[in-house]
Amino acid sequence: MKHVTERIHAWLAGELDPVSATDLEQHLEQCPDCARVARESRAVWETLGSAAAEDEQLSSPSLWPRVRARTFGEQTGGSWFYGPSSVVRAGLASAAVAAGLVFAVMLPGEGLNGDQNSSDQQVETLWLEDSSWTSADQDYGLDRMWLSAGLDTEG
Amino acid sequence: MIDDDVLMERTARNEEAAFRLLVQRWEKEVLAFLIHMLGSMEEAEDLVQDTFVKVYHQAGRYRPEGKFKSWLFRIAGNLARSRLRRRKILRWVRFDRTEHDQADVGPSPQQRLEEKESAGAIQKALDGLPDRQRQALLMHRFQGMKYREIADVMDTTVPGVESLIQRSLVGLRAELAGKVELS
């Protein structure tokens, strides 16, 4: 007689097709060893069922505020820069860089109304060339930032 | 009730209300699963959050085939098993002599008392199961998932799930015998 202990749990779980379940039940009627295992297994099965039913009493953890802070909150509650879209961020970065360039060009001279003389232009050029953040041997990643903002640093 | 797949599509479109509904609909069930997987409420709450953060970030890759629960529990199960692996490594690295000595002399009276509580004994028995056996058993008996769904979640076959659950029950029978009044 072939024992059925390995299928008892599937029978308890209702995972056997009707024919296999009937076969197994017939076997249990004739085999005391398998019937004992079936009794013990059913007891464990039902105990687990009771424990599962206790989970129903578990109060809802209300995790939304914490989950939100790590998802939508990161978009809106962090830095102003981190808007919902990378396109918007790239646009803002481009505008900021463009404004910076205009400002840098105007600053050493007399402003919009002034006539820029050649010495001013030289100072401006030297200042830009000597500044550490544009020097070729010191890479602070600015070139990459400009490129990612859609600007060509090669001129 | 709005279907989970619809909510996922809207979550992928960055609709906060849709994602909120999903979280509120499933958080309790995921929490119960993780409590039994990890045996710790605090860690379970952490991982429920991680699970939903992952759901949000992967919403664009979700295929709406009516299997949201399987997909959700696959994420939760993977995170739990990863946490358990890390916990085992930490336990090995931070070998606690005091804890080890206590284990040698057996449980304290307080521990004995707690173990008499059937819920505690059942959780302890679950904790003693190999991780995959525990995951399969919990998904079936506690979350009501069919073997087919569990096979999907755990990347195995239906006979594979059957084997995992069968072995878990053998383990539980041995562990719970004489400790809990089996119903």
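Refer to the structure printed above.
Student: Pulling in residues and values, what's your account of the overall build of chain A?
Tutor: When you go through chain A residue by residue, the secondary structure sums to 8 helices and 0 strands. Across chain A, helices and strands are ordered from the amino to the carboxyl terminus as α-α-α-α-α-α-α-α. Put simply, 42% of the contacts in chain A that link residues at least 6 apart link residues at least 24 apart.

Student: Before we move on, could you go through the overall build of chain B and cite the residues and values that matter?
Tutor: Scanning chain B for helices and strands turns up 10 helices and 0 strands. Ordered by position from the N terminus, the helices and strands of chain B form the series α-α-α-α-α-α-α-α-α-α. For chain B, long-range pairs separated by at least 24 residues make up 64% of all intrachain contacts whose partners lie at least 6 apart in sequence.

Student: Go over the interface of chain A and chain B with me, naming the residues and quoting the values.
Tutor: Counting residues at the interface gives 29 residues for chain A and 32 residues for chain B. In terms of residues, the side of chain A that touches chain B owes the most to one element, helix α3 (residues 32-55) of chain A, which gives 13 residues. Tallied by class, the residues present in the side of chain A that touches chain B amount to 14 nonpolar, 7 polar and 8 charged.

Student: So what's going on with the environment of Ser168(B)? Residues and values would help.
Tutor: All names here are of chain B. Secondary-structure assignment places Ser168 in helix α10 (residues 158-176). Along the chain, Ser168 and Gln133 lie 35 residues apart, while their C-alpha atoms are 5.4 Å from each other. Contacts of Ser168, omitting those with residues within four sequence positions, involve Leu129, Gln133, Arg134, Ala136 and Leu137.

Definitions and cut-offs
Residues numbered from 1 in each chain as written. Chains lettered and ligands numbered in written order. Predicted model: local features only at pLDDT ≥ 70, side-chain atom pairs only at ≥ 80, totals over all residues. Helix = DSSP H or I, 4+ residues; strand = E, 2+ residues; numbered from the N terminus. Contact = placed C-beta atoms within 7 Å. Nonpolar A, V, L, I, M, F, W, Y, C, P; charged D, E, K, R; others polar.

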